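Next come the chains, spelled out residue by residue.
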Amino acid sequence: MDFTQNSCREFVTVLASNAPVPGGGGAAALVGAIGTALGNMVGSLTVGKKKYADVEAEIVALKAKCDALQTQLLDQVPADAAGFEPLAKAYGIPKDDPNRAQILEDATITACQVPVKIMELCCEALDAIAVFAAKGSRLAVSDAGCGAVCVKAALQAASLNVFINTKTLQNRALAEEMNAKCLGMLDKYGKMADEIFESVKAGFFK
């Protein structure tokens, strides 16, 4: 089920229930899309303004990129639900089933894939938001800062949905590889998001 077709109120209600999906991954994807859209709004308010004519082509290109990122992030909401389903079923397999361990392992790897993808998309979004914050309309720069904060939250939330699964993987080499990739994204792009926020905030106190 694509929970992005629900109203915001319905989504939050189901999120708060004991239903297995949507969960942290789906919520992270939605928050990431919202943050990306906030940055994109700065672009929308920049395009067509004479004051920003020299950066118009760059902003237009970034807006197109963010349009795609928003769609991809929203697509991860149902994808995360689908990716978690095999793991939820695997936990129900009797413990004396000789195939249980391998089925669990495979399902756990599958459950990691969408949260990693969400993180990658968030990194791309932050690259774009950094430009919107630096070159976009000063009248909307606060929205770029808000976008950075939201996308950082999505990045961090998605990472926890990877780490809870890599912890249980039997293939420790694969687990450490995924952990290292995610930790690298958290370090680089967490700092970038903080820098965007601090830069935007500082501009209000000059």
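Here the structure is a predicted model, which means the values were calculated and not measured.

Thresholds applied
The numbering scheme is per chain: residues are counted from 1 as the chain's sequence reads. Two thresholds apply to this predicted model, a pLDDT of at least 70 for residue-level local features and 80 or more for giving and counting side-chain atom pairs, whereas whole-chain, interface and lining totals are computed over all residues. Based on all heavy atoms of the structure, the side-chain values leave hydrogens and waters out of the count. The set of buried Ala, Val, Leu, Ile, Met, Phe, Trp, Tyr and Cys residues whose side-chain atoms join them within 4.5 Å is what this entry labels a nonpolar core. Whether a residue is buried, partly exposed or exposed follows from its accessible area with a 1.4 Å probe, protein chains only, as a fraction of its type maximum: under 20%, in between, or over 50%, in that order. Working definition: helices are DSSP H or I runs of at least four residues, strands are E runs of at least two. Numbering for both runs from the N terminus. By the convention used here, residues are in contact when the closest approach between their heavy atoms is within 4.5 Å. Criterion for a disulfide: a pair of cysteine sulfur atoms at a distance within 2.5 Å. UniProt positions are given in the numbering used here, feature names are shortened, and annotations may be inferred rather than shown by experiment. Axis lines are fitted to C-alpha atoms, over the contacting stretch for helices. Their N-to-C directions set the angle, which ranges from 0 to 180 degrees. The labels follow the angle: roughly parallel below 35 degrees, roughly antiparallel above 145, roughly perpendicular from 65 to 115, and oblique for the rest. Each crossing gets its hand from how the near helix is turned against the far one by less than a right angle, where anticlockwise is left-handed and clockwise is right-handed. Charged means Asp, Glu, Lys or Arg here, nonpolar means Ala, Val, Leu, Ile, Met, Phe, Trp, Tyr, Cys or Pro, and polar covers whatever is left, Gly included.

**Here's the deal with the nonpolar core**
Ranked by internal contacts, the top residues of the largest apolar core, which has 47 residues, are Ile-118, Cys-122, Leu-126, Phe-132 and Ile-196. Elements that contribute at least two residues to this core include exactly α2 (24-44), α3 (56-90), α4 (100-135), α5 (141-166) and α6 (172-203). Looking at this core, the element that brings in the most residues is α4, giving 14 residues. Residues contacting Ile-196, with those up to four places away along its chain left out, are Leu-126, Ile-129, Ala-130, Ala-133, Ala-144, Gly-145 and Ala-148. Ala-90, Ile-93, Leu-104 and Ala-111 belong to the second largest nonpolar core, which has six residues in total.

**Regarding unusual backbone geometry**
At the junction of Val-21 and Pro-22, the peptide bond is cis and its omega measures out at -5° in the coordinates. Examined against the element boundaries, Pro-22 turns out to sit in the loop between α1 (8-15) and α2.

**Examining the environment of Lys-117**
In this structure, Lys-117 sits in helix α4. Look at Lys-117 and you get partly exposed, because its relative accessible area is 31%. Considering only alpha carbons, one finds Lys-117 and Asp-80, 37 residues apart in sequence, at a separation of 9.8 Å. Setting aside its immediate chain neighbours within four residues, Lys-117 contacts Gln-72 and Gln-76.

**What to know about the side chain of Lys-152**
Tracing the chain through its elements places Lys-152 in helix α5. A residue is classified by how much of its surface remains accessible, and Lys-152, at 19% relative accessible area, is buried. Among all residues touching Lys-152, those that are not within four sequence positions of it are Gly-190, Ala-193 and Asp-194.

**Brief notes about the state of the cysteines**
Put plainly, a disulfide is one covalent bond tying together the sulfur atoms of two cysteines. Applying the stated criterion across every chain, the model contains zero disulfides. Of all cysteine sulfurs, the one in Cys-123 lies closest to Cys-122, which takes part in no disulfide; the gap is 7.1 Å. With no disulfide of its own, Cys-146 lies closest to Cys-150 among cysteine sulfurs, the gap being 6.7 Å. The class of Cys-146 is partly exposed, set by a relative accessible area of 37%.

**A word on the UniProt feature "domain: Cyclodeaminase/cyclohydrolase" (unreviewed entry) in the protein**
Taking the numbering used here, the UniProt-annotated feature "domain: Cyclodeaminase/cyclohydrolase" (unreviewed entry) corresponds to residues 7-182. Secondary structure over residues 7-182 splits into 78% helix and 0% strand, and the C-alpha atoms at its two ends are 31 Å apart.

**Here's the deal with the packing of α4 against α6**
Direction vectors running N to C along α4 and α6 enclose 25°, while the axes themselves pass 10 Å from each other. On the basis of their axis angle, the class for α4 and α6 is roughly parallel. Of the two elements, α4 crosses α6, and the hand of that crossing is left-handed. Contact with α4, carried on its side by Ile-109, Cys-112, Val-116, Met-119, Glu-120, Cys-123, Leu-126, Asp-127, Ile-129, Ala-130 and Ala-133, involves Leu-174, Met-178, Lys-181, Cys-182, Met-185, Leu-186, Tyr-189, Met-192, Ala-193, Ile-196 and Val-200 of α6 and no other residues of that element. Its residues placed into classes, the contact of α4 with α6 shows 19 nonpolar, no polar and three charged.

**Concerning the packing of α2 against α5**
Think of two packed helices as two axes; the pair is described by the angle between the axes and how far apart they sit. Packing of α2 against α5 brings their axes to within 7 Å, and their N-to-C directions diverge by 160°. Classed by the angle they form, the pair α2 and α5 counts as roughly antiparallel. Between α2 and α5 lies a crossing whose hand is left-handed. Each of Gly-24, Gly-25, Ala-28, Val-31, Gly-32, Gly-35, Thr-36, Leu-38, Gly-39, Met-41 and Val-42 in α2 lies in contact with α5, whose residues at this interface are Asp-143, Ala-144, Cys-146, Gly-147, Cys-150, Val-151, Ala-154, Ala-157, Ala-158 and Asn-161.

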